[in-house]
Amino acid sequence: MTGNPEQHRHPGEWPAKPVDLDADQTGHDELYVKRAQEHALHEMVLGSIRHDLNQQPTPGAIRAAARTWKNAITQLADELITRRNER
């Protein structure tokens, strides 16, 4: 991955950057818990999308639902970017 490893990630940024758990034993448990929480949130979101897609009756409906999810996520990202740029 590129970028400065000392640079802090923004909340919700994914994928989580690798963490050297042996580098700092004082924060080992906290880092592990934080990464586990972020991974669990990611899996819950994907699980929800997977469940919705699985409910679709035909391959065409699955593809249409996937496009709807993709467009909704892209719109949300665009809104967040606009808000951040206005700060």
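Our structure is the block above this text.
Fair warning: this is a prediction, and the values are worked out from it, not measured in the lab. (Residues numbered from 1 in each chain as written. Predicted model: local features only at pLDDT ≥ 70, side-chain atom pairs only at ≥ 80, totals over all residues. Heavy atoms only, no water.)

1. Notes on the overall build of the protein chain
Part 1 of the argument: When its secondary structure is counted, the protein chain shows two helices and zero strands.
Part 2 of the argument: The burial tally for the protein chain puts 8% of its 87 residues in the buried class.
Part 3 of the argument: Approximately 7700 Å² of the protein chain is accessible, and the part contributed by carbon and sulfur atoms is 56%. (Helix = DSSP H or I, 4+ residues; strand = E, 2+ residues; numbered from the N terminus. Buried < 20%, exposed > 50% of the residue type's maximum accessible area, 1.4 Å probe, protein only. Areas by Shrake-Rupley, 256 points an atom, 1.4 Å probe, with all protein chains shown as cover.)

2. Topic: a nonpolar patch on the surface
Part 1 of the argument: Together, L41, M44 and V45 give the surface a local cluster of nonpolar side chains, amounting to about 300 Å² of exposed area.
Part 2 of the argument: Secondary-structure assignment places L41 in helix α1 (residues 28–54). (Patch = residues over 30% accessible without salt bridge, like charges linked within 9 Å, V, L, I, M, F, W, Y side chains within 5 Å. Salt bridge = Lys/Arg side-chain N within 4 Å of Asp/Glu carboxyl O.)

3. Notes on the environment of T82
Part 1 of the argument: Position of T82 among the secondary structure elements: in helix α2 (residues 59–86).
Part 2 of the argument: Among the polar contacts made by the side chain of T82, one reaches the main-chain carbonyl oxygen of D78 at a distance of 2.9 Å. (Polar contact = N/O pair within 3.5 Å; in protein donor to acceptor, adjacent residues only side chain to side chain.)

4. A word on the packing of α1 against α2
Part 1 of the argument: Relative to each other, α1 and α2 sit at 145°, their axes nearing to 9 Å. Read as a crossing pair, α1 and α2 show a hand that is right-handed. Contacts between α1 and α2 involve I49, D52 and L53 from the former and I62, A65, A66, W69 and I73 from the latter.
Part 2 of the argument: In the contact of α1 with α2, the residues fall into seven nonpolar, no polar and one charged. (Axes fitted to C-alpha atoms, helices over the stretch in contact; angles between N-to-C directions. Left-handed = near helix turned anticlockwise from the far one by under 90°. Contact = heavy atoms within 4.5 Å. Nonpolar A, V, L, I, M, F, W, Y, C, P; charged D, E, K, R; others polar.)

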